[in-house]
Amino acid sequence: MNIFAVIILVTLAADFILNLLADYYNLQSLDEGLPEEFSDVYDEDTYVKSQAYTKERTRFGILVSIFNLALLLTFWFAGGFNWLDEIVRGWELGLIWTGLVYIGFLMIAKSILSLPFSLYSTFIIEEKYGFNKTTPATFALDLLKGLGLGILLGGPLLAGILAFFTLIDQYAWLYAWGAVTVFTLIIQFIAPRWIMPVFNDFEPLEESDLRQKIRTYTDRVNFVMEGIYVMDGSKRSSKSNAFFTGFGRNKRIALYDTLINNHSDDELVAVLAHEIGHYKKKHILKNMAIGIVQTGIMFLLLSFFLNTQGLYEAFYMEQASVYAGLIFFGMLYAPVDMIISIFMQVLSRRYEFEADAFASATFHKEPMIDALKNLSKDNLSNLTPHPFYVFLNYSHPPVLQRIKAIRAAGERLP
Ligand SMILES: [Zn+2]
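How each quantity is defined
Residues numbered from 1 in each chain as written. Predicted model: local features only at pLDDT ≥ 70, side-chain atom pairs only at ≥ 80, totals over all residues. Heavy atoms only, no water. Helix = DSSP H or I, 4+ residues; strand = E, 2+ residues; numbered from the N terminus. Rg over C-alpha atoms; globule rule 2.2 N^0.38 Å. Buried < 20%, exposed > 50% of the residue type's maximum accessible area, 1.4 Å probe, protein only. Contact = heavy atoms within 4.5 Å. Areas by Shrake-Rupley, 256 points an atom, 1.4 Å probe, with all protein chains shown as cover. Pairing = 2+ DSSP bridges. Axes fitted to C-alpha atoms, helices over the stretch in contact; angles between N-to-C directions. Parallel < 35°, antiparallel > 145°, perpendicular 65-115°, else oblique. Left-handed = near helix turned anticlockwise from the far one by under 90°. Nonpolar A, V, L, I, M, F, W, Y, C, P; charged D, E, K, R; others polar. Patch = residues over 30% accessible without salt bridge, like charges linked within 9 Å, V, L, I, M, F, W, Y side chains within 5 Å. Salt bridge = Lys/Arg side-chain N within 4 Å of Asp/Glu carboxyl O. Lys, Arg positive; Asp, Glu negative; His and termini not counted. Charge placed at Lys NZ, Arg CZ, Asp CG, Glu CD. Phe/Tyr/Trp six-rings, centres within 6.5 Å; stacked < 30°, edge-to-face > 60°. Lys NZ or Arg CZ within 6 Å of the ring centre and 35° of its normal. Donors = N, O, S within 2.8 Å, 3.2 Å for Na, K, Ca; no water. Tetrahedral: all angles 85-135°; square planar, octahedral: opposite > 155°, others 65-115°. pLDDT = per-residue confidence, 0-100.

Chemist: Could you give an account of the overall build of the protein chain, with specific residues and numbers?
Modeler: Counting its regular elements, the protein chain contains 16 helices and four strands. The C-alpha radius of gyration computed for the protein chain amounts to 24 Å, which stays within 12% of the reference 22 Å derived for 414 residues, consistent with globular compactness. For the protein chain, the spread of C-alpha atoms along the three principal axes comes to 65 × 50 × 40 Å. Expressed as a percentage of its 414 residues, the buried residues of the protein chain come to 43%. Look at the contacts in the protein chain between residues 6 or more apart in sequence, and 78% of them connect residues 24 or more apart. For the protein chain, the exposed area adds up to about 21,200 Å²; of that, 65% sits on carbon and sulfur atoms.

Chemist: Lay out the pairing of strand β3 (residues 242–245) with the relevant residues and their values.
Modeler: As paired strands, β3 and strand β4 (residues 252–256) are joined by four bridges and run antiparallel to one another. From the neighbouring strand, F244 faces β4, where its bridge partner is I253. Linking two consecutive strands that pair antiparallel, namely β3 and β4, is a turn of six residues; a positive phi of about 75 degrees is found at G246 within it.

Chemist: Account for the packing of helix α4 (residues 95–128) against helix α5 (residues 136–167), naming residues and giving values.
Modeler: One way to put it is that α4 packs onto α5 with a least axis distance of 10 Å and a crossing angle of 155 degrees. With respect to their mutual orientation, α4 and α5 come out roughly antiparallel. Crossing hand, α4 versus α5: right-handed. Side by side, α4 and α5 meet where L95, I96, G99, L100, I103, I108, L115, S118, L119, T122 and F123 of the first sit next to P136, F139, L143, L147, G155, L158, A159, L162, A163 and T166 of the second. Among the residues making up the contact of α4 with α5, the classes are represented as 16 nonpolar, five polar and no charged.

Chemist: Provide a residue-level description of a positive patch on the surface, including the pertinent values.
Modeler: A cluster of basic residues, K280, K281, K282, K286 and R350, forms a positive patch at the surface. As for its placement among the helices and strands, K286 is situated in helix α10 (residues 283–305).

Chemist: I'd love a proper account of the packing of aromatic side chains, names of residues and values included.
Modeler: The full count for this structure, using the stated rule, is 30 aromatic pairs. Aromatic side chains F81 and F315 sit 5.4 Å apart centroid to centroid with 90 degrees between the ring planes, which places their arrangement in the edge-to-face category. Of the two residues, F81 is situated in helix α3 (residues 80–90) and F315 in the loop between α11 (309–313) and α12 (322–332); the sequence distance between them amounts to 234 residues. With respect to class, F81 is no different from F315; both count as buried. A ring pair is formed by F223 and F244, whose centres lie 6.1 Å apart and whose planes are at 55 degrees; its orientation type is tilted. With F223 in the loop between α7 (209–220) and β2 (227–231) and F244 in strand β3, this residue pair connects regions lying 21 residues apart in the sequence. Pairwise contacts between aromatic rings join F75, W76, F77, F81, Y312, F315, Y316 and F328 into one cluster. Against the face of F131 rests K239, its NZ or CZ located 4.7 Å from the ring centre. The ring of F223 carries K251 above its face, with NZ or CZ at 5.1 Å from the centroid.

Chemist: Which residues make up the pattern of salt bridges, and what values do they have?
Modeler: Going through the model one piece at a time under the given rule, you end up with 14 salt bridges. Across the salt bridge formed by R211 and E207, the nearest N and O atoms sit 3.7 Å from each other. Owing to a relative accessible area of 54%, E207 belongs among the exposed residues under this scheme. R252 is paired through a salt bridge with E226; the nearest N and O atoms lie 2.7 Å apart. Separated by 26 residues along the polypeptide, R252 in strand β4 and E226 in the loop between α7 and β2 bring together distant segments of the chain.

Chemist: Explain the coordination of the zinc ion to me, and be specific about the residues and the numbers.
Modeler: Surrounding the zinc ion are the protein donor atoms H274 (NE2), H278 (NE2), E352 (OE) and E352 (OE), at 2.1 to 2.7 Å. Viewed at the metal, the four donor atoms of the zinc ion are separated by angles of 53 to 134 degrees, and the geometry they form is irregular.

Chemist: Quick rundown of the confidence of the model for the protein chain? Include the residues and the values.
Modeler: When pLDDT is averaged along the protein chain, the result is 94, and 99% of the positions lie at 70 or above. α3 holds the highest mean pLDDT among the elements of the protein chain, 98, whereas β3 holds the lowest, 86.

Chemist: Summarise the sheet that holds strand β1 (residues 202–204); cite the residues concerned and give the values.
Modeler: Strand order in the open sheet formed by four strands is β1-β2-β4-β3, with mixed pairing between adjacent strands. Because the sheet does not close on itself, it has two edges, and the strands there are β1 and β3. Ignoring strand direction, the axes of neighbouring strands in this sheet form an average angle of 30 degrees. Relative to β4, β2 runs parallel, the two sharing five bridges. Paired with I228 across the bridge in β4 is I253. With respect to the sheet, helix α9 (residues 265–280) is in contact with β3 and β4, its orientation differing from that of β3 by roughly 35 degrees.

Chemist: How would you sum up the pairing of β4? Please name residues and give values.
Modeler: Along β4, five of the five residues are buried, which leaves the element largely enclosed by surrounding structure. Of the two faces of β4, both are covered, the one formed by R252, A254 and Y256 as well as the one formed by I253 and L255.

Chemist: Mind laying out α3, listing which residues take part and the relevant values?
Modeler: Because an α-helix completes one turn every 3.6 residues, residues spaced three or four positions apart along the sequence face the same direction. Turning to α3, its buried residues number three or more, namely G80, F81, N82, L84, D85 and V88. Packed against the buried residues of α3 are α2 (44–77), α4 and α12. Just downstream of α3, E92 is the residue with a positive phi angle, here 50 degrees.

Written out as structure tokens, the structure is:
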């Protein structure tokens with residue numbers, strides 16, 4: 001059997017089995033009793049509901065991954081990649097357009113086939129647990145907007161990458177790397193102003209006690225930003241969150257309206273202090289730097305494999321092409337990607353501890369702890385995830401660990 005096919009199949013199987021095992025352990029580790037720490041915010045019913053939610057989401061996740069795996073294997077071994085290639089080539093659109101149509105078709109077909117799952121997730125599961133606020137109209141509009149943005153932003157970038165690898169013999173990977181890096185930086189810069197408002201409304205936080213408290217805090221830690229915004233997260237879900245965008249003087253903090261409704265002012269300042277902690281500890285900058293290096297390595301490896309006949313034979317292709325090569329290389333690269341993403345999660349969890357520490361050192365511990373507890377309750381988070389599941393999937397440490405770390409840290413001034 002073809003060596004590339006073997007590597008990709010082993011990777012797919014390993015990924016599937018590892019995640020299934022993690023799911024299994026995670027369900028096993030759902031604790032009977034409510035952890036003592038949460039007895040002041042959870043009642044018995046809420047805790048039982050949070051466990052049922054974890055179970056239902058896990059089972060649904062397993063179903064989705066079985067479907068995705070079966071879909072890929074069927075399409076692959078039925079010769080689907082070559083079949084589609086023959087059709088699109090038949091239209092004689094030229095190399096770049098053929099590539100755009102080929103990849104675009106695969107992506108759109110994939111999202112159409114995933115549609116029933118995403119409908120079920122939003123309108124059945126999230127609805128059942130009282131989270132869903134999405135109307136069918138919002139759902140449909142989101143899909144269309146996503147597609148439009150994908151074509152508008154992703155299309156030209158993909159065309160550029162295809163052009164570099166088609167037209168340039170040497171160092172195409174360097175050009176592609178440069179293009180993706182510039183593209184990512186531009187997106188980061190324009191996202192708060194031009195992309196996010198396509199999906200949500202952002203209103204500046206009104207003059208209020210809360211705003212006054214936030215300003216007192218940001219002045220004290222010397223944090224200059226463009227503004228604090230309230231995002232209408234309640235348009236889609238009752239779940240709550242806060243995040244940080246932009247850089248330089250362009251920095252913005254967005255609080256979900258659902259977050260503001262469910263938390264005290266002090267908790268909100270603590271959440272904000274945590275977000276500012278990410279900035280002050282340069283987490284955003286570090287992640288961007290790692291991402292850039294990672295992209296470079298990926299394109300360099302891609303350039304080695306793009307002309308490897310065996311990779312195309314593994315997928316029953318009659319002709320090699322840059323666009324098909326991109327897709328196949330993506331699958332070949334999956335093990336590297338998996339290792340990198342686990343490493344990034346480890347790093348991200350460390351960042352969370354650092355941001356918590358920053359928030360409790362520059363503000364107060366108690367409101368940070370209360371905010372974490374209330375957030376867990378409002379989002380029905382799993383309070384007792386299995387360490388192996390956390391290792392593979394969590395970008396944030398389990399909330400109990402975060403609370404312990406906050407309590408353990410000495411109270412000190414920055
Ligand atoms: Zn964080």
